[in-house]
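# Topology and contacts: notes
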Amino acid sequence: MSVQFDTIVATATAAGPAAIAVVRVSGPEAAEIAGRVLFAGRTGPNMTFPVAESHRLLYGRAVSPTTGDLIDEVMVAWMAAPRSFTTEDMVEISCHGGDIAAAAIVRALIAAGGRPAEPGEFTYRAFVHGRVGLTEAEAVLQVVSAHSADGLQRALADLQGDLAQRIVPARAAVIMALAYLDASADFPDDEIPTANIAADLALAATQLESVLAGARTGRLLSEGATVALLGRPNVGKSSLLNALLRSDRAIVTPIAGTTRDVVSERAMLDGIPILLLDTAGIAASTDPIELAGIERSRSALQHAVGLVLVIDGSEPLAQDDLSLAEEISARFDAGGLGEIPLVIALNKADRPLQADLAELWAMLPSTVGVVSVSALTGAGLDQLAGAIGAVLRQGSDPVARPALLSERQYGELDRALLLVRGAQEALAAGFPTDLLATDVRLAARAIGRVTGEDIDDAVLSEIFSRFCIGK
Ligand code: GDP
């Protein structure tokens, strides 16, 4: 990432067919470079921006500076520094969509002296010029990649500085604790009240816990989760997938073993964007193709965040149902997780109930919810969606305000919390204060790498390189 402020150029809109595309120019020479390519009106002279009024839309033409050929008719917004996204002089050119016009304008601007922007470079400039904080800059990334309305709302709140407001007090408390610890190391004879240190550490821990608890909810709402429908053949997994999607994506036939591969579809269930996997029925089989499908189903069983065990309620439980329940419980026993993110869908509720679930409870915790449903009539579908939503929300604190944290931000804050907790224990156990100071200092740095106070260039380039070009 270059830190010299030359003038950068990029298409800001996504590729592909669209009504309009937007090309951005930002930097000290934005006006001159754009002026070499842009002409006023249908027949007018080169546009001269410092003269033109800022923040108004102008009609004109983009013309190749090398051949003089007309490229496109355009609308041009001139935004004089510092009232622009990057705080630099900026020109935004709206041209016809599709890939041709915007690309030709970018080429013309480069021929006129601009440089192609690197991914995230516009936002990077907004950050280094102090226009946005680091948490806000990362929120820009979340906004452009949000998958749901809720996720977008969270990202927008972070863009307004919400996340920073919640983390800054934690950092302040940690630094206060550090000040006391350093003071007691420097003046060992003076009595430094450990109660103050304990109170600051406790405040920091509470604050960090609340943000981290909200992060799970935030992630769920923005990125969603993978949920696998599992069951022996013919219990109605494909029918349930279709019913949940209200479409006909999976092939449904009365012949056992028709779904030989994993079918996946996106759906919005209970406000959560979900990737729903329909799996090949897991059963004892010798058919090699079926076995390959079963292998993939097992992988879905191991990796999906949420599981739905589909049982055919119109038949007595089969050995395959029980083996599957055992496999599911084995995954979670081994993982040592508290609650199993599992729902049992007792399908074919339009027929008389024949299945006796008693044997299932020998293998699964009795807290697992059962929903009677009929893929055929649609009865119980909303309850099933609600139960899936509920198991996915397990462990995320419903009271904590959702926060959107990137992997990196989550890692830093999680580490800070661990260090603060360690310091709390050491303090309670009466360890020498200089030993605590090291951990508390590391915690302050970890939080600082999220708020932007303690961040180095390598991490910055890492963050901004995940942006798309033109952002
Ligand atoms: P899969 O192998 O588990 O994916 O099962 P399918 O979705 O292919 O369904 C197997 C058979 O059960 C098909 O004949 C479906 O029409 C039937 N079926 C699925 N759901 C229901 C239901 O709720 N009620 C009834 N009566 N039949 C169902």
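For the structure, check the block above.
From a predicted model like this one, the values you see are computed outputs, not experimental measurements.

Our next topic: the site of the ligand. Taken together, 17 residues sit near the ligand, with Asn-234, Lys-237, Ser-238, Ser-239 and Asp-350 positioned nearest. For the ligand, an oxygen atom lies 3.2 Å from a polar atom in the side chain of Ser-374. Here the ligand has 580 Å² of accessible area as a free molecule, and 88% of this is covered by the chains. Sorting elements by how many residues they give to the shell around the ligand places helix 8 (residues 237-245) first, with three residues. A per-class count over the shell around the ligand returns six nonpolar, seven polar and four charged.

On to the nonpolar core, then. Counting 33 residues, the largest nonpolar core has Val-174, Leu-201, Leu-208, Leu-413, Val-440 and Ile-447 as its most contacted members. At the level of elements, helix 6 (162-186), helix 7 (194-223), helix 12 (407-428) and helix 13 (433-451) are the ones that each hand at least two residues to this core. When residues no more than four places from it in sequence are discounted, the contact partners of Leu-201 are Ala-177, Val-420, Ala-423, Gln-424, Leu-427 and Val-440.

Moving on: the pairing of strand 4 (residues 57-63). In the case of a regular strand, side chains alternate between the two sheet surfaces. As defined by bridge partners, strand 3 (residues 38-40) adjoins strand 4 across three bridges and the pair is classed as antiparallel. Residue pairing for strand 4: Phe-39 is matched across the bridge by Arg-61. Pairing between strand 4 and strand 5 (residues 70-79): seven bridges, direction antiparallel. Within the sheet, the bridge partner assigned to Leu-57 lies in strand 5 and is Ala-77. In this antiparallel pair of consecutive strands, strand 4 and strand 5, the connection spans six residues, and Gly-68 shows a positive phi of 80°.

Okay, the pairing of strand 10 (residues 272-278) next. With six of seven residues buried, strand 10 lies mostly within the body of the structure. In terms of strand pairing, strand 8 (residues 225-230) meets strand 10 through five bridges, oriented parallel. Bridging from a neighbouring strand, Leu-229 pairs with Asp-278 of strand 10. Pairing analysis gives seven bridges linking strand 9 (residues 263-269) to strand 10, with the strands arranged antiparallel. Looking at the pairing, Leu-269 lines up with Ile-272 of strand 10. Hairpin geometry of strand 9 and strand 10 is characterised by an intervening segment of two residues between the two adjacent antiparallel strands and by a positive phi of about 55° at Asp-270.

A word on the sheet that holds strand 2 (residues 20-26). Within a sheet, adjacent strands bond to each other through the backbone by hydrogen bonds, running parallel or antiparallel. The mixed open sheet is built from seven strands, whose spatial order is 3-4-5-6-2-1-7. Both outer strands of the open sheet, strand 3 and strand 7 (115-116), are each paired with one neighbouring strand and no more. Contacting strand 1 (8-11), strand 2, strand 4, strand 5, strand 6 (90-96) and strand 7, helix 2 (residues 99-111) crosses the sheet at an angle of about 145° to strand 6. Sitting on the sheet, helix 3 (residues 121-128) touches strand 1, strand 2, strand 6 and strand 7, and the angle it makes with strand 1 is about 135°.

With that settled, consider the sheet that holds strand 9. The strand order 9-10-8-11-12-13 describes an open sheet built from six strands, whose pairing is mixed. Of all strands in the sheet, those bounded by a partner on one side alone are strand 9 and strand 13 (369-372). Taken over all neighbouring pairs, the strand axes of this sheet differ in orientation by 25° on average, direction set aside. As paired elements, strand 8 and strand 11 (residues 306-312) share four bridges and run parallel to each other. Opposite Ala-228, over in strand 11, you have Leu-307 as the bridge partner.

Here we come to a nonpolar patch on the surface. Together, Leu-57, Tyr-59 and Met-75 line one region of the surface with nonpolar side chains, adding up to about 270 Å² of accessible area. Inspection of the secondary structure assignment puts Leu-57 in strand 4.

Definitions and cut-offs
Residues numbered from 1 in each chain as written. Predicted model: local features only at pLDDT ≥ 70, side-chain atom pairs only at ≥ 80, totals over all residues. Heavy atoms only, no water. Near = heavy atom within 4 Å. Polar contact = N/O pair within 3.5 Å; in protein donor to acceptor, adjacent residues only side chain to side chain. Areas by Shrake-Rupley, 256 points an atom, 1.4 Å probe, with all protein chains shown as cover. Helix = DSSP H or I, 4+ residues; strand = E, 2+ residues; numbered from the N terminus. Nonpolar A, V, L, I, M, F, W, Y, C, P; charged D, E, K, R; others polar. Core = buried A, V, L, I, M, F, W, Y, C linked by side-chain atoms within 4.5 Å. Buried < 20%, exposed > 50% of the residue type's maximum accessible area, 1.4 Å probe, protein only. Contact = heavy atoms within 4.5 Å. Pairing = 2+ DSSP bridges. Axes fitted to C-alpha atoms, helices over the stretch in contact; angles between N-to-C directions. Patch = residues over 30% accessible without salt bridge, like charges linked within 9 Å, V, L, I, M, F, W, Y side chains within 5 Å. Salt bridge = Lys/Arg side-chain N within 4 Å of Asp/Glu carboxyl O.

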